[in-house]
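Structural overview for review
Listed below are the residues making up each chain.
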Amino acid sequence: MADNIATSTTGIARHGAARLPSVDVDSFNIELRDEDGFLGDRASKGAFRKILDRWRKPLRKSGEDPFGDEPSDKISKKKLDEMLVGEDTEASAVVHSAIEEFAQELAYVTRRFLNTKSWAGTERIVVGGGFRESRMGELAIARTEIILKSEDLKVDIAPIRLHPDSAGLIGALHLAPSWIFEAHDGVLAVDIGGTNIRCGVVETRWKRAPDLSEATVWKSQLWRHADDEATREGAVKRLVKMLKDLIADAEAEGLKLAPFIGIACPGVIDEDGGIEKGAQNLPGNWASSKFNLPASLAEAIPEIGGHDTAIVMHNDGVVQGLAEIPFMQDVERWGVLTIGTGLGNARYTNRRRESGRDARKARNNSGDQKRDKKAKKAKV
């Protein structure tokens, strides 16, 4: 385990950099506050569950709660989605009421972000995180956009295009310069969360789409570290094993990996690879000055395919948003909000705009997304 944080981990880019190959990261992990505390707490996964519980209380008092005795924070997203469109109109009304109140909260929080200097001029916001995976999440996002547009705020809001689990890995491609893809088929990516650690081989499909719009997760592994009460050292050891297994799988399939690992991690990432703050949900003390994840991985996996391993780590919200770069070429300034344990956030400015076929493809994809949103609204 590497305790020396001066260990060289990459010659490609700084960790947590504001300047990436295609975009400038104008801000990330902003912690706005109001009189009640952190704004992100008003639009998190936990906030929605508290709102749902409040709408259940009147029914619970009369003994007519359609959800029975099940705690609000234990009801699955799948069950809530089923209730939303089911025959029990009272249950459906409860979920609809919670969605509406949550959308009002998300609109308030989004408005506050848009009023900050670093978010000024934002043209589009994509919403990711686990909450986005559900139908109720999609409805809350759509309702938030309607609320903001009714106030004449000219900003588009849409669910992140990819599944959040895939976006957290595919976004890591945009931490690396494009030349690294020319002679390789894929890269290793890591998405670290407060409950899970996910690793994957991201197939770039660069020759088919140089803008990486067709990149896909070829294979991935998931470990729920929260279930194992893991230590920090145990988590790193498990992560190294997962990565080595994926390297072996890629070699067996003839998939040529670039000597690069992109990491998405909660918190404020220092340029040396340390974590300044925001990693309190990870196993052990990841913000210790004696711990450096990129250095530890570089020591454990010094080479990939006979070349020195380059590693770049950035905030997990930033990386998830980066997966949208190919589809954001028709705007200049855009952001991401990730609804999970907290509210992740990042704002970007495109620096390198695609031209010709790729730009037309981005505009067409953007139009397809808007048409899909309208179709979904028509079904509600």
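The coordinates are above.
Quantities reported herein were computed from a predicted structural model and do not represent experimental measurements.

**Details of the overall build of the protein**
A count of helices and strands for the protein gives 10 helices and 16 strands. When the 380 residues of the protein are sorted by exposure, 53% land in the buried category. Here the contacts in the protein between residues at least 6 apart in sequence split such that 72% fall between residues at least 24 apart. As displayed, the protein offers around 17000 Å² of accessible surface, 46% of which is attributable to carbon and sulfur atoms.

**Observations concerning the sheet that holds strand E6 (residues 186-192)**
A sheet is described by the order of its strands in space; here 5 strands give the open sequence E8-E7-E6-E9-E14, paired in mixed fashion. Two strands in the sheet have a free side with no partner beyond their single neighbour: strand E8 (216-223) and strand E14 (310-315). Shown here is a sheet whose adjacent strand axes are inclined to one another by a mean of 20 degrees, direction ignored. When strand E9 (residues 257-265) meets E14, the two strands line up parallel, connected through 6 bridges. Looking at the pairing, Ile263 lines up with Met313 of E14. Against the sheet, helix H7 (residues 232-252) engages E6, strand E7 (197-203), E8 and E9, with an angle of about 145 degrees to E8.

**Focus on the pattern of salt bridges**
Considering all chains together, one arrives at 27 salt bridges under this definition. Between Lys277 and Glu31 there is a salt bridge, with the nearest N and O atoms lying 3.8 Å from each other. One end of the pair, Lys277, is in strand E11 (residues 275-277); the other, Glu31, is in the loop between strand E1 (23-28) and strand E2 (33-34), and 246 residues separate them in sequence. Under the relative-accessibility criterion, Glu31 is labelled partly exposed at 43%. The shortest N-O distance in the salt bridge between Asp34 and Arg42 comes to 2.8 Å. Since its relative accessible area comes to 12%, Asp34 is described here as buried. With relative accessibility at 22%, the residue Arg42 sits in the partly exposed group. When salt bridges with common partners are traced through the structure, they connect Asp53, Arg56, Arg60 and Asp65 into a single cluster.

**A word on unusual backbone geometry**
Phi is positive for Asn29, close to 55 degrees, though the residue is something other than glycine. Relative to the elements of secondary structure, Asn29 occurs in the loop between E1 and E2. At Leu212, a residue that is not glycine, the phi angle is positive and equals roughly 70 degrees. As for its placement among the helices and strands, Leu212 is situated in the loop between E7 and E8. Looking at Leu212, the relative accessible area reads 8%, which means it is buried.

**A word on the environment of Arg112**
Mapped onto the elements of the fold, Arg112 is located in helix H3 (residues 89-114). Since its relative accessible area comes to 26%, Arg112 is described here as partly exposed. Apart from the residues within four sequence positions on either side, Arg112 is in contact with Leu32, Arg33, Asp34 and Leu39.

**Some points on H7**
Each turn of an α-helix holds 3.6 residues, which means side chains three or four residues apart point in the same direction. Spanning 21 residues, H7 covers 30 Å between terminal C-alpha atoms, matching the ideal 30 Å at 1.5 Å per step. Considered for burial, the residues of H7 that qualify are Arg232, Ala235, Val236, Leu239, Val240, Met242, Leu243, Leu246, Ile247 and Ala250. Buried residues of H7, viewed axially, fall in a sector of 165 degrees; they line one side. Projecting away from the buried face of H7 at angles above 90 degrees are the exposed residues Lys237, Lys241, Glu251 and Ala252. Tucked inside the fold, the buried residues of H7 contact E6, E7, E8, E9, helix H8 (293-300) and strand E12 (303-304). Positive backbone phi, approximately 75 degrees, marks Gly254, located one or two places after H7.

About the thresholds
- Residues numbered from 1 in each chain as written.
- Predicted model: local features only at pLDDT ≥ 70, side-chain atom pairs only at ≥ 80, totals over all residues.
- Heavy atoms only, no water.
- Helix = DSSP H or I, 4+ residues; strand = E, 2+ residues; numbered from the N terminus.
- Buried < 20%, exposed > 50% of the residue type's maximum accessible area, 1.4 Å probe, protein only.
- Contact = heavy atoms within 4.5 Å.
- Areas by Shrake-Rupley, 256 points an atom, 1.4 Å probe, with all protein chains shown as cover.
- Pairing = 2+ DSSP bridges.
- Axes fitted to C-alpha atoms, helices over the stretch in contact; angles between N-to-C directions.
- Salt bridge = Lys/Arg side-chain N within 4 Å of Asp/Glu carboxyl O.
- Expected span 1.5 Å × (residues − 1).
- Arc of directions from axis to C-beta.

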